[in-house]
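Coordinate analysis (summary)
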Amino acid sequence: MARISKSAAKERIEALSAELNRHNYEYYVLSSPVITDFEFDLKMQELQALEAMYPELALPDSPTQHVGSDLAAPKQEEKRGFEQVTHKYPMLSLGNTYSREEMLAFCNKIEAENGEKLEYSCELKFDGVAICLTYVGGELKQAVTRGDGVKGDNVLENVLTIKSIPRHLKPGNWPREFEIRGEIFMPYAAFETLNKEKEEIGEQPFANPRNAASGSLKLQSSAQVAERGLDCVLYHMLGEELPFSTHSEAIAAASAWGLPTSELSQVRKGAADVVDYIDCWDSRRKALPYATDGVVIKVNDLQLQKRLGFTAKSPRWATAYKFKPEQALTRLNSIDYQVGRTGAITPVANLEPVPLSGTIVKRASLHNKDQMDLLDVRIGDWVYVEKGGEIIPKITGVELSKRPDDAVRPDFPTLCPDCGTPLVRDEDQARHYCPNRTGCPTQTKAAFVHFTSRDAMDILAGDATIDQLYNLNLIRRLSDLYRLTKEQLMQLDGWQERSCDNFLGSLEKSKTVPYARVLYALGIRHIGKTTAKLLAKHFPDIEALEHASAQQLSEIEDIGDIVAASVADYFADPDNLKLIEELKAAGLQFAGGAAQKVSDLLAGKSIVVSGVFSISREEMKSLIEANGGSATGSVSGKTSYLLAGDKPGDAKVKKANSLGIEIIDEQQFYSMIGR
Ligand code: IVH
């Protein structure tokens, strides 16, 4: 880097530090970064170079000296309530490079000081969220996020829902207590399913699998986490006097104890072999079912690792080679404004076709109006397109040096391109919406697609059938489906007697679909399958739910304020109440969600459940209800017992003690219900 004046460096260091700290917050806490990892790394490199030039100017909270923190801001913490735990060994980050020469230099430097052709463990760099698991006596006791590197959030209950992570280790020579760290990630398939469902219930999809994994891990409801399809790979064991001399031996042992490790790691000898591993995975990784963003190289010998030690932020015995996201430069010809299933407007760029990572890209997302303004993009501009972990390519920048004189600033629409209704802006999600939920053709058709889908009413109608029924004016309200006749269906392209009978048969069968699924099928914003089940459990029939206030709804554990408001809004609309009456008249199930009663042993008892049990918390709550009690979310004067499992919430225990509420354990609870 060219030398710059001290005053210019001071200004730049302050600006970069503030900017990088903000990006860290957006990445780790909000799970919603606004710049690419590559752009972040470039800014970090610039700051490192400036701090090396003028060490005295480095700020005390410089992002070069501490890892980004995923600890929630206090306001969000209230709702999430994870216990914070101090890491036994600080949880550091890794140095990184985008250059093969620097990778060679990393190995050469260590080899110059410690002997030639050392062994390195070469591993993929999984793009997820770091996690630290603690096993004591072969049992998973703690699962803590990286946090700020010193302390993190204990997300044990959520981690226990991940199928690949065992609660108990297989028999083996495991140390009584050890830590094993790794990455929790969301495979592409699960990511696509989740985003589809998010779109269907009116929530903004996650931009990439990493954000989805990090957002999911910190959900309040473990039942919801369980449905997210998270996976895990573990890659670093720590403990006092581990009986291994190499890293690869430790990981092989972990695998034998039943822990998930990567089969794609390899021990390579010498720098050239390391670079060969990088070359091999640079292209092969694209065929993997999960996102990776580089390769991690670790000195294999644990003694040598110890000798090399750490800098303030990362180990000296390991580094990451990061793959540069592939970019292409092409012209932006026009912008379409698409209406999504829930009325969200997405600007989509039409590009001059350009090859990128094996496909020809013609369209790319511009996300929302804020992003368009941030990029200051104009029609006619040359733009950079990238395919990151994301499925849909996105525009990441504008090449201003190539801006033509006649480039035109785009006008974000004020009216819905589909139905002409004035758009509204959703401040929370920085998106524009068409509020005409029942009259906008795209949204109406989407409501039918959702209603008929397999997890909802399971009616044999695909997108094309819905389109035709809509265009023939045969369906406008969901209840219209139950009025369709064979004669009307025979008008559909290619439909014969048999297809009509099958369709009508599936309509008839849908009348037996349980209440919880009917609730999900209604397409109430923010109500996914799990929330619908929860609502059906708490409100045994739709009348009870119709009369619940937002306040009452939000008192249910795992129902947040946004969901509560959305449900209350839905039932405040007389047209929705009318629709429900019509569907009831058609014979759909609107009652029957409560657990089967087995006894009245807990009648009148209000029980708060906290901590980890031998069964899931959801099952525990069902047991309470099946025995006549009610399971509530927070400890109050009305609470009869706090049922505490392993590691119950601190705040709940304190509150129960201060109110003199009896705290019972799992065994005591079972004796109460005669189990
Ligand atoms: S080893 C002391 N191995 O990448 C550092 N990290 O950008 C131990 N990561 O913080 C980390 N795959 O969250 C290691 N095979 C792998 C990895 C890996 C992904 C993550 C990890 C780390 C981050 C650094």
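So, here is what we can say about the structure in this document. All values reported here derive from a predicted model rather than from experimental measurement.

1. Remarks on the overall build of the protein
From N to C terminus, the protein includes 25 helices and 22 strands. Whereas a compact globule of 675 residues would reach a radius of gyration of roughly 26 Å, the protein reaches 28 Å, a difference of no more than 12%. Across its three principal directions, the C-alpha atoms of the protein cover 80 × 75 × 50 Å. Evaluated residue by residue, the protein yields a buried proportion of 51% over its 675 residues. Long-range contacts, defined as pairs at least 24 residues apart, comprise 69% of the intrachain contacts of the protein with a sequence gap of at least 6. In the structure as shown, the protein presents an accessible area of about 31,100 Å², 51% of it carried by carbon and sulfur atoms. In the protein, which carries 79 positive and 95 negative side-chain charges, the distance between the mean positions of the two groups comes to 1 Å.

2. Some remarks on the nonpolar core
A general trend in soluble globular proteins is that nonpolar side chains are found buried together. Of all hydrophobic cores here, the largest spans 55 residues; its most connected members are F451, L481, Y482, F503 and L545. Contributions of two or more residues to this core are made by helix 13 (441-452), helix 14 (463-471), helix 16 (497-509), helix 17 (515-521), helix 18 (529-538), helix 19 (542-546), helix 21 (561-572) and helix 22 (574-586). Looking at which element gives the most residues to this core, the answer is helix 17, with six residues. When near neighbours in sequence (up to four residues on either side) are disregarded, L481 contacts F448, F451, T452, I459, I475, F503 and L507.

3. Let's talk about the packing of helix 6 (residues 188-200) against helix 7 (residues 209-217)
In the contact formed by helix 6 and helix 7, the axes pass within 10 Å of each other and the chain directions differ by 75 degrees. Relative to helix 7, the element helix 6 is oriented roughly perpendicular. Facing Y188, F191 and L194 of helix 6, the residues of helix 7 in contact are P209, A212 and S216. By residue class, the composition of the contact of helix 6 with helix 7 is five nonpolar, one polar and no charged.

4. Quick notes on unusual backbone geometry
Notably, E241 is not glycine yet its phi reads approximately 50 degrees, a positive angle. Position of E241 relative to the elements: it lies in the loop between strand 8 (231-238) and helix 9 (247-256). Phi at H367 takes a positive value of approximately 65 degrees, unusual for a residue other than glycine. Within the secondary structure, H367 is located in the loop between strand 14 (359-365) and helix 12 (369-375).

5. Section: the packing of aromatic side chains
Under the counting rule described, the total for this entry stands at 15 aromatic pairs. Relative to Y482, the ring of F451 has its centre 6.5 Å away and its plane inclined at 85 degrees; by these criteria the two rings are edge-to-face. Of the two residues, F451 is situated in helix 13 and Y482 in the loop between helix 14 and helix 15 (486-489); the sequence distance between them amounts to 31 residues. Judged by relative accessible area, which is 0%, F451 ranks as buried. Taking the centre distance of 5.1 Å and the plane angle of 85 degrees together, the rings of Y570 and F571 count as edge-to-face.

6. Comments concerning the environment of P260
Considering the arrangement of structural elements, one finds P260 in the loop between helix 9 and strand 9 (266-269). Using a relative accessible area of 13% as the deciding quantity, one classes P260 as buried. Expressed as a C-alpha distance, the spacing of P260 and L460, which sit 200 residues apart in the sequence, is 40 Å. Ignoring sequence-local partners within four residues, the contact set of P260 consists of S164, P166, C232, V233 and L234.

7. What to know about helix 22
Here helix 22 is 13 residues long and its end C-alpha atoms lie 18 Å apart, about the 18 Å a rise of 1.5 Å per residue gives. Within helix 22, the full set of buried residues consists of N576, L579, I580, L583 and A586. Along the axis of helix 22, the buried residues cluster in a sector spanning 115 degrees; they form a single face. The exposed set on the far side of helix 22, more than 90 degrees from its buried face, consists of P574 and A585. Put simply, D573 is the residue that caps the front of helix 22, since its side-chain oxygen is 2.9 Å from the backbone nitrogen of D575. Positive phi appears at G587, one or two residues downstream of helix 22, with a value of about 110 degrees.

8. Observations concerning the sheet that holds strand 9
In sheet architecture, strand pairing relies on hydrogen bonds along the backbone and comes in two forms, parallel and antiparallel. Ordered by their spatial adjacency, five strands build an open sheet running 2-11-10-3-9, and the pairing between neighbours is mixed. The outermost strands of the open sheet, each flanked by one partner alone, are strand 2 (95-97) and strand 9. Averaged over all pairs of adjacent strands, the angle between their axes in this sheet comes to 30 degrees, without regard to strand direction. Bridging between strand 10 (residues 292-299) and strand 11 (residues 318-322) involves five bridges; their strand directions are antiparallel. Looking across to strand 11, one finds that G294 is bridged to K322. Against the sheet, helix 10 (residues 270-284) contacts strand 3 (119-126), strand 9, strand 10 and strand 11, and its axis sits at roughly 140 degrees relative to strand 9.

9. Structural notes on the site of the ligand
Within the structure, the ligand sits among 14 residues, and E123, L124, E183, Y235 and K298 are positioned closest to it. In this structure, a nitrogen atom belonging to the ligand sits 3.0 Å away from a main-chain N or O atom of F126. Separating a nitrogen atom of the ligand from a side-chain N or O atom of K298 is a distance of 3.0 Å. Protein chains bury 90% of the 530 Å² of accessible surface belonging to the ligand in isolation.

10. Side note on the sheet that holds strand 21 (residues 641-644)
As summarised here, the arrangement of the four strands in space is 20-19-21-22, forming an open sheet in which the pairing is parallel. Edge positions in the open sheet fall to strand 20 (630-632) and strand 22 (662-664), since each of these has one partner strand only. For this sheet, the mean angle separating the axes of adjacent strands, direction not counted, is 35 degrees. Note that strand 21 and strand 22 share three bridges and pair parallel. Opposite L642, over in strand 22, you have I663 as the bridge partner.

11. Observations concerning the side chain of E666
Mapping E666 onto the fold places it in helix 25 (residues 666-672). Classification of E666 by relative accessible area gives buried; the value is 12%. There is a polar contact of 2.5 Å between the side chain of E666 and the side chain of S614. Setting aside residues up to four positions removed in sequence, E666 forms contacts with F613, S614, I615, M620, L643 and A644.

12. Some words on empty space enclosed by the protein
In total, this model carries two cavities of 30 Å³ or more according to the counting rule given. Volume-wise, the largest cavity comes out at about 50 Å³. In this structure, the largest cavity is lined by L534, H538, I556, E557, K621, A631 and T632. Of all elements in the fold, only helix 18 and strand 20 reach the threshold of two or more residues within the lining of the largest cavity.

13. Structural notes on the packing of helix 1 (residues 6-28) against helix 2 (residues 37-53)
Interhelical geometry of helix 1 versus helix 2 gives an angle of 145 degrees and a closest axis separation of 10 Å. Crossing angle aside, the handedness with which helix 1 passes helix 2 is left-handed. Of the residues in helix 2, those in contact with A9, R12, I13, L16, S17, E19, L20, H23, N24 and Y27 of helix 1 are D37, F40, K43, M44, E46, L47, L50 and E51. Taken together, the residues of the contact of helix 1 with helix 2 break down into nine nonpolar, three polar and six charged.

Rules used throughout
Residues numbered from 1 in each chain as written. Predicted model: local features only at pLDDT ≥ 70, side-chain atom pairs only at ≥ 80, totals over all residues. Heavy atoms only, no water. Helix = DSSP H or I, 4+ residues; strand = E, 2+ residues; numbered from the N terminus. Rg over C-alpha atoms; globule rule 2.2 N^0.38 Å. Buried < 20%, exposed > 50% of the residue type's maximum accessible area, 1.4 Å probe, protein only. Contact = heavy atoms within 4.5 Å. Areas by Shrake-Rupley, 256 points an atom, 1.4 Å probe, with all protein chains shown as cover. Lys, Arg positive; Asp, Glu negative; His and termini not counted. Charge placed at Lys NZ, Arg CZ, Asp CG, Glu CD. Core = buried A, V, L, I, M, F, W, Y, C linked by side-chain atoms within 4.5 Å. Axes fitted to C-alpha atoms, helices over the stretch in contact; angles between N-to-C directions. Parallel < 35°, antiparallel > 145°, perpendicular 65-115°, else oblique. Nonpolar A, V, L, I, M, F, W, Y, C, P; charged D, E, K, R; others polar. Phe/Tyr/Trp six-rings, centres within 6.5 Å; stacked < 30°, edge-to-face > 60°. Expected span 1.5 Å × (residues − 1). Arc of directions from axis to C-beta. Polar contact = N/O pair within 3.5 Å; in protein donor to acceptor, adjacent residues only side chain to side chain. Pairing = 2+ DSSP bridges. Near = heavy atom within 4 Å. 1 Å grid on protein atoms, 1.4 Å probe; cavity = no way out; pocket = protein on both sides within 12 Å on 5 of 7 lines; lining within 4 Å. Points joined across faces, edges and corners; volume = space filled by probe spheres on them. Left-handed = near helix turned anticlockwise from the far one by under 90°.

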